[in-house]
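What follows is the residue order along each chain.
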Amino acid sequence: MSASLNAAVATATAAVDPACAEPLAVLGRDVTVPLVTGGEVTYAALDYAASAPALQRVWDDVAAYAPYYGSVHRGAGYLSQLSTDLFEQSRVTVAEFLDCRPTDQVVFTRSTTDSLNLLAAVLPADCQVFVFETEHHASLLPWADARVTYLNAPRTPAEAVATLERALADRDPYGPALVCVTGASNVTGELWPVKELAAAAHAHGARIVLDAAQLAPHHPVSVQELDVDWVAFSGHKLYAPFGSGVLAGRADWLQEAEPYLAGGGASRKVARREDGGVDVEWHTTAARHEAGSPNVIGVYSIASACKALTEAGFEHLVARERHLIAKVREGLAEVPAVRILSLFGDDAPRVGVISFVVDGWNSSHFAAALSAEYGIGVRDGLFCAHPLVRTLLGSEPQAQGECGAPEAAPGERSLNAIRVSFGAGTPDEHVERFVRAVKELVADGAKWQYRTEEGRCVPAV
């Protein structure tokens, strides 16, 4: 995220009193879970970075539409026409949410991972790709068929820009090039200098795609302000369930490539040839890469979430989230055994994603105790960002590991971390309970015995 945009958000949120702001209503806010020590407690969902709970508004909108569900684009019936209008209007809503250019296309996919694999599939021949090792695997891995340059983890935003500029200056200046960068780290929550990286890319004749999976739920994202060529994100992190995602941006590479999936919907005309083959004329609209019957409810849920976040006002959401971030970071800072993981330092702007390790604890053991004894859901492991987490933990970034699986028994050192993440639906009580639980576990230890079962720490029965 650019320094100028950070300043604008800070100014907009300065007059907002986060203590007076209420969390947005989400599903599951009243769910109770049993504790191994006895009794029940309201579940504290603090794993938003994996999948955020659905907004109540989204669920209500989907429930209202569900009786009118129909197949889209080719049906003559009323429900089919209504569903088609809803589907295409959702495309408009997403474009507005992202502040897309008038000529941009919005393609609906299954997820951020699917969106970036789609972009990888439409790269021009001999395209060079530049990606930092700090990326989530969804951004790190799809480029196997291109010439990929992996960039070392920077330790400041300025170093990130300088690293990219050096790499681009050394490339073949005549071929196509693409830079892939996250907007907010799924490990540290830190915001990246997207606008500055986009300027560097364009100055060297490259394009840039923004992985906004962790950014879009927490901050406004403007394609035009950031000057990125594409943006990708997932509905399930934007408080919208049902497995849909978005790739939005420039149309030319999308239109010039073969369809990501071949099939109905992507094809405009199909005819048999005399030699027995088939001639196909593909759509040049977003439909070119949306073969098959689309996930209408998933798409509508994304549009509903976009509207809900916009209407709630990002200035209020950002201010309240900063309030929660401060509560967690200040609380963890009071525990000497806790080390928060960071690339850019304590003062770096960030979203509600914080990863840490606790001296003397296996991270899986600690996370299991938070769940079983306090009703708190966090995540442990390497968070599908193995090179980054291993770099932050002081190991060789090339080392391999399995997502979420501890590598040692409880109490032994293991190369994994704990991640707490939250957002627009998180009440103060959840983060306060989390901080209190961390302090108690570090001071007094777990109240229960745990064992390893299929690579996970679980309460011993």
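Let me sum up the structure you'll find in this document. (Residues numbered from 1 in each chain as written. Predicted model: local features only at pLDDT ≥ 70, side-chain atom pairs only at ≥ 80, totals over all residues. Heavy atoms only, no water.)

Focus on the pattern of salt bridges
Argument step 1. Applying the stated criterion to the full structure yields 23 salt bridges.
Argument step 2. Residue Glu311 pairs with Arg57 through a salt bridge whose shortest N-O separation is 2.9 Å. On the criterion of sequence distance, the pair formed by Glu311 in helix α10 (residues 296–312) and Arg57 in helix α2 (residues 56–65) is long-range, its members being 254 residues apart.
Argument step 3. Classification of Arg57 by relative accessible area gives partly exposed; the value is 29%. (Salt bridge = Lys/Arg side-chain N within 4 Å of Asp/Glu carboxyl O. Helix = DSSP H or I, 4+ residues; strand = E, 2+ residues; numbered from the N terminus. Buried < 20%, exposed > 50% of the residue type's maximum accessible area, 1.4 Å probe, protein only.)

Let's talk about the pairing of strand β14 (residues 353–358)
Argument step 1. Extensive coverage of β14 is indicated by the burial of six of its six residues.
Argument step 2. Alternating residues of β14 divide into Val353, Ser355 and Val357 and Ile354, Phe356 and Val358, and every residue in both groups is buried.
Argument step 3. When strand β13 (residues 338–340) meets β14, the two strands line up antiparallel, connected through three bridges. The residue of β14 that forms the bridge with Ile340 is Phe356.
Argument step 4. Of the pairings in the sheet, the one linking β14 to strand β17 (residues 417–421) comprises four bridges and is antiparallel in character. In the sheet register, Ser355 faces β17, and the bridge partner there is Arg419. (Pairing = 2+ DSSP bridges.)

What to know about the environment of Leu254
Argument step 1. Turning to its location among the elements, Leu254 is positioned in helix α9 (residues 252–256).
Argument step 2. For Leu254 and Gln105, which are 149 residues apart along the polypeptide, the C-alpha to C-alpha distance reads 8.7 Å.
Argument step 3. Setting aside residues up to four positions removed in sequence, Leu254 forms contacts with Gln105, Val107, Val122, Trp230, Leu247, Arg288 and His289. (Contact = heavy atoms within 4.5 Å.)

Observations concerning the sheet that holds strand β16 (residues 379–381)
Argument step 1. Spatial ordering of the open sheet is given by β13-β14-β17-β16, a layout of four strands whose pairing is antiparallel. If you trace the sheet from one side to the other, it starts and ends with β13 and β16, each paired once. Adjacent strand axes in the sheet meet at a mean angle of 30 degrees when their direction is disregarded.
Argument step 2. With three bridges joining them, β16 and β17 adopt antiparallel strand pairing. Paired with Asp380 across the bridge in β17 is Ile418.
Argument step 3. Here helix α11 (residues 314–333) sits on the sheet and contacts β13, β14 and β17; the angle it forms with β14, its principal contact strand, is near 10 degrees. (Axes fitted to C-alpha atoms, helices over the stretch in contact; angles between N-to-C directions.)

Focus on the nonpolar core
Argument step 1. Membership of the largest hydrophobic core comes to 82 residues, with the highest contact counts inside it found for Val94, Leu98, Leu164, Trp192, Leu210, Phe233 and Val246.
Argument step 2. Broken down by element, the residue count for this core peaks at eight residues, all from α10.
Argument step 3. Residue contacts for Leu98: discarding those within four places in its chain leaves Val221, Ser222, Val223, Val231, Phe233, Val246 and Ala248.
Argument step 4. Core analysis: the next-biggest nonpolar cluster, separate from the first, contains 33 residues, Val328, Ala337, Val435 and Val438 among them. (Core = buried A, V, L, I, M, F, W, Y, C linked by side-chain atoms within 4.5 Å.)

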